[in-house]
Amino acid sequence: IVAMEDRRGTLPLDELLKFKSDGIKIEDGISYYEKISNQILVEYINPGDLIFCDGFKLSYSALFVKRAYDILFACIGLIIAAPLFLVLSLLIKLESKGPIFYKQERVGKNEKPFFIYKFRSMLNDAERKTGPVMALSDDKRITRIGKVIRKTRLDELPQLWNILKGDMSFVGPRPERPVFVEKFSRHIPFYGQRFALRPGLTGWAQIRCAYASTIEETLMKLRYELYYLKNFSFLFDLSIILRTAKVVLFARGV
């Protein structure tokens, strides 16, 4: 496995060619890491690695199929979840003052802004004094019922409406707030690539990582998001949906 940070003028070509001719398998370190970890080392790749690699095949036919099953699954989900909407609405209203739902501006496909809908899991006007702050796993602003619905992802159910509208997909990168997108785009390489698809109600990064509250944690999530974009397929989407269902049914979190 060749995992040298700088190969210019330092790659032992003669030795590697001899190993190759002796039948020894030689692999690139970044590609090997991707294979065993299901994430892409964003900080160690260059644009050519994305342009010329196999993957990132977002064809019109594949996107059409994805949109078709998004609509189908969203309709089925809204019908099944109707009783939950009533129960959760009552619990949220009984615990704290404020609206049952809240909407917030997020950045979607091709960096187009839209409003996301969620069950309110925090105290009303939670950011009135602090301004926009990224959510933490032990956030003091979260209500008791909010902790439960966040852990089980039930707070995301209203986004089924976003999927029907075409703002979101069932599976994709997590939609982020504009203020944080601007910040991450300045500090994280290839961050803009995540906007090639509609953001998702769930996703590869969402089921593999906890809430991101720092640039380092967001970089980790981007590794998984780019891996999803590279390997996008219906079967991959289906496996992510099934894993998400396990999270919701057994309240395991990520």
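Residues numbered from 1 in each chain as written. Predicted model: local features only at pLDDT ≥ 70, side-chain atom pairs only at ≥ 80, totals over all residues. Heavy atoms only, no water.

Caption draft 1: Spatial organisation of the pairing of strand β2 (residues 113-119). As paired elements, strand β1 (residues 101-107) and β2 share seven bridges and run antiparallel to each other. Counted as the bridge partner of Glu105 is Phe115 from β2. (Pairing = 2+ DSSP bridges. Helix = DSSP H or I, 4+ residues; strand = E, 2+ residues; numbered from the N terminus.)

Caption draft 2: Just the nonpolar core, in detail. Ranked by internal contacts, the top residues of the largest apolar core, which has 47 residues, are Phe170, Trp204 and Tyr228. When residues of this core are assigned to their parent elements, the largest contribution, seven residues, is made by helix α9 (residues 215-230). Apart from residues no more than four positions distant in its own chain, Tyr228 is found in contact with Lys66, Val171, Gly172, Leu197, Trp204, Phe236, Asp237 and Ile240. (Core = buried A, V, L, I, M, F, W, Y, C linked by side-chain atoms within 4.5 Å. Buried < 20%, exposed > 50% of the residue type's maximum accessible area, 1.4 Å probe, protein only. Contact = heavy atoms within 4.5 Å.)

Caption draft 3: Geometry of the environment of Asp125. Structurally, the position occupied by Asp125 is in the loop between β2 and α5 (144-151). Residue classification places Asp125 among the partly exposed residues on the basis of a relative accessible area of 49%. Along the sequence, Asp125 and Arg141 sit 16 residues apart, while their C-alpha atoms lie 9.6 Å from each other.

Caption draft 4: Seen up close, unusual backbone geometry. In this structure, Phe56 takes a positive phi of about 55° despite not being glycine. Structurally, Phe56 can be placed in the loop between α3 (47-51) and α4 (60-95). The exposure class of Phe56 is partly exposed, given its relative accessible area of 24%. Positive phi outside glycine occurs at Phe190, with the angle close to 65°. Along the chain, the position of Phe190 falls in the loop between α7 (178-187) and β4 (200-202).

Caption draft 5: Structural view of the environment of Ile188. On the secondary structure map, Ile188 appears in the loop between α7 and β4. Sequence separation between Ile188 and Glu43 is 145 residues, and the spatial gap between their C-alpha atoms is 7.9 Å. Once you skip the residues sitting within four places of it in the chain, Ile188 turns out to touch Ile215, Thr218, Leu219 and Leu222.

Caption draft 6: Focus on the packing of aromatic side chains. Enumeration according to the criterion identifies 15 aromatic pairs in this entry. Ring centres of Tyr69 and Phe73 lie 5.7 Å apart, and the angle between their planes is 40°; this geometry places the pair in the tilted category. Taken together, the residues span about one helical turn, with Tyr69 and Phe73 both in helix α4 at a distance of four residues. Residue classification places Tyr69 among the buried residues on the basis of a relative accessible area of 7%. Centre to centre, the rings of Trp204 and Phe236 are 5.1 Å apart; their planes meet at 65°, and the pair counts as edge-to-face. In this pair, Trp204 is assigned in helix α8 (residues 204-208) and Phe236 in helix α10 (residues 234-250), connecting sequence segments 32 residues apart. Judged by relative accessible area, Trp204 falls into the buried class, the value being 5%. The class for Phe236 is buried, based on a relative accessible area of 12%. Through a chain of ring-to-ring contacts, three or more aromatic side chains come together here, namely Trp204, Tyr224, Tyr227, Tyr228, Phe232 and Phe236. A cation over an aromatic ring shows up here: Lys103 above the ring of Phe115, its NZ or CZ 4.8 Å from the ring centre. Looking at Arg194, its charged tip hangs above the ring of Phe195, at a distance of 5.4 Å from the centre. (Phe/Tyr/Trp six-rings, centres within 6.5 Å; stacked < 30°, edge-to-face > 60°. Lys NZ or Arg CZ within 6 Å of the ring centre and 35° of its normal.)

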